[in-house]
Amino acid sequence: MRDNGTGIPPDIRDQLFQPFFTTRPTGEGTGLGLSISWDIVTQQHGGTITVDSEPGKFTEFTIRLPRNGQAAGSSA
């Protein structure tokens, strides 16, 4: 999904999926949404989440899940 918002500055992209990371003022968010999403997609379903963003133009998150339900790289 791509939006047309303000984008995400490159210097914080590496922190997006860390628990409790937020750019919102204190008391206006827990910083857990993307961390929980990352855990569900990658750890529980063996998928991936990537982010592409251009400040001032867009942000796009891509979620990929294995078709057969097996973790990525698993041969079982």
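Summarised in this report is the structure supplied together with it. (Residues numbered from 1 in each chain as written. Predicted model: local features only at pLDDT ≥ 70, side-chain atom pairs only at ≥ 80, totals over all residues. Heavy atoms only, no water.)

**What to know about the pattern of salt bridges**
- Evaluation of the coordinates by the stated rule reveals two salt bridges.
- With a shortest N-O distance of 3.5 Å, Glu-60 and Arg-2 are connected by a salt bridge. Here Arg-2 lies in strand β1 (residues 2–3) and Glu-60 lies in strand β3 (residues 58–64), a separation of 58 residues in the sequence.
- Residue Glu-54 is joined to Lys-57 by a salt bridge in which the shortest nitrogen-to-oxygen separation is 3.5 Å.
- With a relative accessible area of 36%, Glu-54 lands in the partly exposed category.
- Classification of Lys-57 by relative accessible area gives exposed; the value is 53%. (Salt bridge = Lys/Arg side-chain N within 4 Å of Asp/Glu carboxyl O. Helix = DSSP H or I, 4+ residues; strand = E, 2+ residues; numbered from the N terminus. Buried < 20%, exposed > 50% of the residue type's maximum accessible area, 1.4 Å probe, protein only.)

**Quick notes on helix α1 (residues 33–44)**
- If you check α1, its first and last C-alpha atoms are 16 Å apart, about what 12 residues at 1.5 Å a residue would give, namely 16 Å.
- By the burial criterion, the buried members of α1 are Ser-35, Val-41 and Thr-42. Down the axis of α1, the sector holding all buried residues measures 140°, keeping them to one side. (Expected span 1.5 Å × (residues − 1). Arc of directions from axis to C-beta.)

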